[in-house]
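Structure assessment
So the chains spell out like this:
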Amino acid sequence: MKLKLSILALFILVAISVKGAVVDTLAVYSEAMKKNVQVVVVSPENNHVPKPVVYLLHGYGGNQNTWPNIKKDLSQTATQDSIIFVCPNGENSWYWDSPFNKESQFETFISKELVSYVDKNFSTRDDRTGRAITGLSMGGHGALWLAIRHQDIFGAAGSTSGGVDIRPFPDNWDMKKQLGEYINNKEIWDNHTVINQINKLQDGKLAIIFDCGFKDFFFEVNNNLHNTLLKQGIAHDYIVRPGEHNSQYWGNSIDYQILFFKKFFQKKLPK
């Protein structure tokens, strides 16, 4: 009887702890864009102990609710793993500071303004050893773009089904609204694609994980990124699994990336 009561008490304790997460929908002002940006923050209820942060970026056509809708148990994961998840609305920006559109300066917003806001208003591990960033599709490109270019801010980065080389798709997903027509702005496009940022990496400085389903239209560009990293001697985790470009795939793949980030957060790394 005592054993049954102990098991019941343990079950109740676990159930309470799983529910102990707070979901905030915030309007974060961007000085760079002179507007408010909607952001969902999922944090453990006990916010006194500094916690690592994972920034989750959505894909084209998505918003701040994309990841909470794909991963329904994000609140449970936040509590169980003691991680704060931050999901900003990146519009259809591809997370660049657009050279043509002053209202689309999302590199500055996320890497500087949003990180500063989160560190000020939540109990975070406020250095690169406590920050990771990942995303799906457009957000996968954005996460690697931001992390590679801001390695002083992010210590780990991921991408799932990411558009890691934009140049094969010059007429898709409103990219030319941000970068201009490809045929007239090839240098700008070359300078705004992830695969051409690899020369900024040093082996071991940024923890990298990315994946893609082999039926995904971004599969080839992900393979090219993998081979480029290998040639440059940059350690990384690259996962290929069955799947297409859809939420079913991303809902599965993000669990592996969160595990990767948890292990990163547990390491003792130089700041």
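In this report, the structure presented in the accompanying data block is examined.

About the thresholds
- Residues numbered from 1 in each chain as written.
- Predicted model: local features only at pLDDT ≥ 70, side-chain atom pairs only at ≥ 80, totals over all residues.
- Heavy atoms only, no water.
- Helix = DSSP H or I, 4+ residues; strand = E, 2+ residues; numbered from the N terminus.
- Polar contact = N/O pair within 3.5 Å; in protein donor to acceptor, adjacent residues only side chain to side chain.
- Contact = heavy atoms within 4.5 Å.
- Pairing = 2+ DSSP bridges.
- Axes fitted to C-alpha atoms, helices over the stretch in contact; angles between N-to-C directions.
- Core = buried A, V, L, I, M, F, W, Y, C linked by side-chain atoms within 4.5 Å.
- Buried < 20%, exposed > 50% of the residue type's maximum accessible area, 1.4 Å probe, protein only.
- Bend = angle between axes of the 7 residues up to and from the residue.
- Expected span 1.5 Å × (residues − 1).

What to know about the side chain of T160
Within the secondary structure, T160 sits in strand β6 (residues 156–160). Within the local environment of T160, its side chain forms a polar contact with the side chain of S253, the two groups lying 2.8 Å apart. Discounting chain neighbours no more than four positions away, the residues touching T160 are W67, G135, L136, S137, D211, Y249, W250, S253 and Q257.

Quick look at the sheet that holds strand β4 (residues 84–88)
Ordered in space as β1-β2-β4-β3-β5-β6-β7-β8, the eight strands form an open sheet in which the pairing is mixed. Of all strands in the sheet, those bounded by a partner on one side alone are β1 (21–30) and β8 (237–241). Across the sheet, the mean angle separating the axes of adjacent strands is 15° when strand polarity is ignored. The sheet contact formed by β1 and strand β2 (residues 35–44) spans ten bridges and is antiparallel. Paired with V22 across the strands is S43, a residue of β2. Contacting β3 (53–57), β5 (131–135), β6 and β7 (207–213), helix α5 (residues 138–149) crosses the sheet at an angle of about 160° to β6. Along the sheet, helix α9 (residues 247–266) contacts β3, β4, β5, β6, β7 and β8; its crossing angle with β7, the most-contacted strand, is approximately 165°.

A short note on the nonpolar core
The biggest cluster of nonpolar side chains holds 52 residues, and the ones touching the most others in it are Y55, V86, F109, L114, I133 and L225. Broken down by element, the residue count for this core peaks at seven residues, all from α5. The contact partners of Y55, leaving out residues within four places of it in the chain, are V86, L114, V115, V118, R131, A132, I133, T134 and F154. In this structure, I83, I209, F260 and F264 belong to the second largest nonpolar core, which totals 23 residues.

Re helix α4 (residues 106–121)
Counting along an α-helix, one turn takes 3.6 residues, and residues three or four places apart therefore face a common direction. At L114, α4 shows its largest kink, close to 30°. Along α4, the residues that are buried comprise F106, E107, F109, I110, S111, E113, L114, V115 and V118. Of the surrounding elements, those touching the buried residues of α4 are β1, β2, β3, β4, β5 and α5.

Here's the deal with unusual backbone geometry
Working note: non-glycine residues mostly have negative phi, and peptide bonds are mostly trans. For Y95, which is not glycine, the phi torsion reads 65° and is therefore positive. Taking the relative accessible area as the measure of exposure, Y95 reaches 0% and is therefore buried. Positioned with a positive phi, D174 is a non-glycine residue whose angle comes to about 60°. Locating D174 in the fold gives a position in the loop between β6 and α6 (175–179).

A closer look at α5
Taking 1.5 Å of rise per residue, twelve residues should cover 16 Å, and α5 covers 17 Å from first to last C-alpha, within 8% of that figure. The element α5 is extensively covered by neighbouring structure, given that eleven of its twelve residues are classed as buried.

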